[in-house]
Amino acid sequence: MIRFMRMLVFFDLPVVEKEDRKIANRFRNFLLQDGFYMVQFSVYCRICNGYDSVEIHRKRIKTNLPQKGSVRTLVVTEKQYMSMDFLVGEKKPNDRKYTESQISFF
């Protein structure tokens, strides 16, 4: 049985200088290209099908880290992610629970 996980990436990168904005945007674009979607500003999430997938994406993040700022990851189970409370706002389509038939395996 596949255990679906959510990998969250939190980042706080400097954006005062033009070069810093460029670097922050490059990191954000990397996350989007790697299958992450924006949950909130500077918070991105990706569904993973097990610990092996989590480790693959963790390594990709580490190889694309900016030199300045703060970047953190948090991995939670799908059940834990779905228990998140929305205090203000509504769920986005990407926040719904995934089933095995909705995930493509390569």
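Reference entry: report on the structure contained in this document. What you see is a predicted model, and the numbers here were worked out from it, not measured in a lab. (Residues numbered from 1 in each chain as written. Predicted model: local features only at pLDDT ≥ 70, side-chain atom pairs only at ≥ 80, totals over all residues. Heavy atoms only, no water.)

1. Considering unusual backbone geometry
Item 1. For Ser 42, which is not glycine, the phi torsion reads 65° and is therefore positive.
Item 2. Tracing the chain through its elements places Ser 42 in the loop between β2 (37–40) and β3 (43–49). (Helix = DSSP H or I, 4+ residues; strand = E, 2+ residues; numbered from the N terminus.)

2. Considerations on the packing of aromatic side chains
Item 1. Counted under the stated rule, the structure contains 3 aromatic pairs.
Item 2. Relative to Phe 27, the ring of Phe 11 has its centre 5.4 Å away and its plane inclined at 85°; by these criteria the two rings are edge-to-face. Of the two residues, Phe 11 is situated in strand β1 (residues 4–12) and Phe 27 in helix α1 (residues 18–33); the sequence distance between them amounts to 16 residues. A single burial state applies to Phe 11 and to Phe 27, both of which are buried.
Item 3. Measuring from ring centre to ring centre gives 6.2 Å for Phe 27 and Phe 30, while their planes differ by 35°; the resulting arrangement is tilted. With Phe 27 and Phe 30 both in helix α1, this residue pair falls 3 residues apart, about one helical turn. (Phe/Tyr/Trp six-rings, centres within 6.5 Å; stacked < 30°, edge-to-face > 60°. Buried < 20%, exposed > 50% of the residue type's maximum accessible area, 1.4 Å probe, protein only.)

3. Considerations on the environment of Lys 68
Item 1. Among the secondary structure elements, Lys 68 is positioned in the loop between α2 (51–63) and β4 (70–77).
Item 2. Distance from Lys 68 to Ile 23, taken between C-alpha atoms, is 9.3 Å for residues 45 residues apart in sequence.
Item 3. When near neighbours in sequence (up to four residues on either side) are disregarded, Lys 68 contacts Leu 13, Pro 14 and Asp 20.
Item 4. Among the polar contacts made by the side chain of Lys 68, one reaches the side chain of Asp 20 at a distance of 3.4 Å. (Contact = heavy atoms within 4.5 Å. Polar contact = N/O pair within 3.5 Å; in protein donor to acceptor, adjacent residues only side chain to side chain.)

4. So, the sheet that holds β1
Item 1. Pairing in this open sheet of 4 strands is antiparallel, and the strands run β2-β3-β1-β4 from one edge to the other. Of all strands in the sheet, those with a lone pairing partner are β2 and β4, marking the two edges. The sheet shows a mean angle of 30° between the axes of neighbouring strands, direction not considered.
Item 2. Here β1 runs beside β4; their pairing, made up of 8 bridges, is antiparallel. Looking at β4, one finds that Asp 12 is bridged to Ser 70.
Item 3. Sitting on the sheet, α1 touches β1, β3 and β4, and the angle it makes with β1 is about 170°. (Pairing = 2+ DSSP bridges. Axes fitted to C-alpha atoms, helices over the stretch in contact; angles between N-to-C directions.)

5. Observations regarding a positive patch on the surface
Item 1. Taken together, Lys 18, Arg 21, Lys 22 and Arg 26 make up a surface patch of like positive charges.
Item 2. Following the sequence through the fold, Lys 18 ends up in helix α1.
Item 3. By relative accessible area, Lys 18 is classed as exposed at 66%. (Patch = residues over 30% accessible without salt bridge, like charges linked within 9 Å, V, L, I, M, F, W, Y side chains within 5 Å. Areas by Shrake-Rupley, 256 points an atom, 1.4 Å probe, with all protein chains shown as cover. Salt bridge = Lys/Arg side-chain N within 4 Å of Asp/Glu carboxyl O. Lys, Arg positive; Asp, Glu negative; His and termini not counted. Charge placed at Lys NZ, Arg CZ, Asp CG, Glu CD.)

6. Observations regarding the pattern of salt bridges
Item 1. The final tally for this structure, using the stated rule, is 4 salt bridges.
Item 2. The salt bridge partner of Arg 60 is Asp 34, with a shortest N-O separation of 2.7 Å. Here Arg 60, found in helix α2, pairs with Asp 34, found in the loop between α1 and β2; they are 26 residues apart in sequence, far enough to count as distant.
Item 3. A relative accessible area of 37% places Arg 60 in the partly exposed class.
Item 4. Here Asp 34 falls in the buried class, since its relative accessible area comes to 7%.
Item 5. Among the ionic pairs, Arg 58 bridges to Glu 55, the shortest N-O distance being 2.7 Å.

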